[in-house]
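Structural overview
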Amino acid sequence: MKKIGVSILALLAAAAAPGSRPVYRTIPVPGVHHYLYEVIETINGARRDGWRTEFDLVSASGAVDAVVRKTYHFTDKGWEPVTADAACRAAMHGGADSLARVRLWPMPAGSAPKLDASFLDTCAPPGVFFPLTDILNVAVIPSSPTFHAQDLREVGQSARYEGFEAAFDRAGEAIKETTHGGEVRLAALDPHRAVIDWRPDPADLELNERAQKPPMTLKGTEHWAFRVELDRASGAILRAQTTYDDLDLAIVGAPPNVPRVKITRSVLIERQ
């Protein structure tokens with residue numbers, strides 16, 4: 001559930017100022033890299049849901065696309081493949097060996113922060129759309145001047161960024177999330193890698209679960225963070241992982257004795 005802009009002027013200014021060049025390449029060099037994404041959600045102490053996605057990040061001409069090749073849903077029977085018919089694949093810009101292709105950077109006009117049809121057609125199955133929200137976060141943190149990761153020069157240095165709001169309405173679930181700012185920190189730096197911690201402040205979260213019988217609304221907070229490892233020379237993502245992602249929600253209108261909903265999400269993206 002989730003989050004979201006490179007300015008040519010900002011890049012030119014960084015290049016022109018002595019000693020101000022970013023410590024890693026902020027826009028990946030052209031190429032294709034293969035990744036495996038996995039998220040596991042634990043609800044009130046029990047594993048309940050998860051997605052596993054095989055995808056590529058394709059960089060060319062300053063843009064980055066995600067190509068979803070396969071995706072799986074965790075059920076009581078294990079990992080089951082997610083499919084889409086030919087018409088939906090075409091609408092998602094998929095091909096013979098892929099389900100979807102989505103522009104992550106720069107974001108298409110109108111797609112942020114609502115992640116609407118200009119981001120990915122609304123026919124998309126949840127197993128295609130929901131993993132892409134996390135993949136999007138990881139892709140834009142190092143590149144977007146919004147988050148100031150490009151400004152970090154020394155290990156331990158941090159910078160604040162402004163709050164933002166993200167919302168979408170997909171697959172019977174409407175989500176609105178409002179953060180109040182956050183911090184990026186250069187966690188590690190060696191000749192080959194840069195490691196960035198992205199730590200939003202606790203966010204206000206509202207979920208409308210219309211697919212539930214009966215429908216219900218939950219309100220509360222989400223507190224999450226990602227650690228992203230980059231190849232300094234190429235700008236390619238090497239690995240990304242949540243360091244924490246905890247949701248604390250109350251069911252609106254429920255009796256006082258109904259327990260709060262506690263969700264823990266664990267996300268891992270690894271290069272293959």
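The sections below set out a description of the structure shown in this document. (Residues numbered from 1 in each chain as written. Predicted model: local features only at pLDDT ≥ 70, side-chain atom pairs only at ≥ 80, totals over all residues. Heavy atoms only, no water.)

Things to note about the overall build of the protein chain
A tally of regular secondary structure across the protein chain gives 3 helices and 14 strands. On C-alpha atoms alone, the protein chain measures out to a radius of gyration of 19 Å, which is about the 19 Å that the 2.2 N^0.38 rule sets for 272 residues. Looking at the protein chain as a whole, 44% of its 272 residues qualify as buried. Only carbon and sulfur atoms are counted for the fraction: they give 54% of the accessible area of the protein chain, which is about 12600 Å². Computing the positive centroid from 31 side-chain charges and the negative centroid from 34, the protein chain places the two 2 Å apart. (Helix = DSSP H or I, 4+ residues; strand = E, 2+ residues; numbered from the N terminus. Rg over C-alpha atoms; globule rule 2.2 N^0.38 Å. Buried < 20%, exposed > 50% of the residue type's maximum accessible area, 1.4 Å probe, protein only. Areas by Shrake-Rupley, 256 points an atom, 1.4 Å probe, with all protein chains shown as cover. Lys, Arg positive; Asp, Glu negative; His and termini not counted. Charge placed at Lys NZ, Arg CZ, Asp CG, Glu CD.)

A short note on the pattern of salt bridges
As enumerated under the stated definition, the model contains 19 salt bridges in all. One salt bridge in this structure joins E38 and R52, with 2.7 Å as the shortest N-O distance. With a gap of 14 residues between them, E38 in strand β1 (residues 31-43) and R52 in strand β2 (residues 46-60) connect regions that are remote in the sequence. Using a relative accessible area of 26% as the deciding quantity, one classes R52 as partly exposed. Counted as one network, the salt bridges with shared partners bring together E41, D134, D245 and R265. (Salt bridge = Lys/Arg side-chain N within 4 Å of Asp/Glu carboxyl O.)

Examining the nonpolar core
Among the nonpolar cores identified, the biggest contains 65 residues, and L57, L104, F119, L120, L132 and W198 are the most heavily contacted of them. Ranked by the residues each element gives to this core, the list is headed by helix α3 (residues 126-140), at 9 residues. Every residue in contact with L57, bar those within four places of it in the chain, is listed here: G31, V32, H33, Y35, V64, D65, A66, L104, I135 and I237. (Core = buried A, V, L, I, M, F, W, Y, C linked by side-chain atoms within 4.5 Å. Contact = heavy atoms within 4.5 Å.)

With respect to unusual backbone geometry
In this structure, the amide linkage connecting W105 to the following residue, P106, adopts the cis form with an omega of -10 degrees. Locating P106 in the fold gives a position in the loop between β5 (100-105) and α3. Notably, S61 is not glycine yet its phi reads approximately 55 degrees, a positive angle. Relative to the helices and strands, S61 resides in the loop between β2 and β3 (63-75). For S61, a relative accessible area of 79% puts it in the exposed group. Despite not being glycine, A171 shows a phi value in the positive range, around 50 degrees. For A171, the position within the fold is in the loop between β7 (165-170) and β8 (173-178).

Quick word on the environment of L57
Within the element layout of this structure, L57 appears in strand β2. A residue is classified by how much of its surface remains accessible, and L57, at 9% relative accessible area, is buried. Along the backbone, L57 and R271 are 214 residues apart, and their C-alpha atoms lie at a distance of 9.9 Å.

Take it as geometry only, folks, not as evidence of what the structure does.
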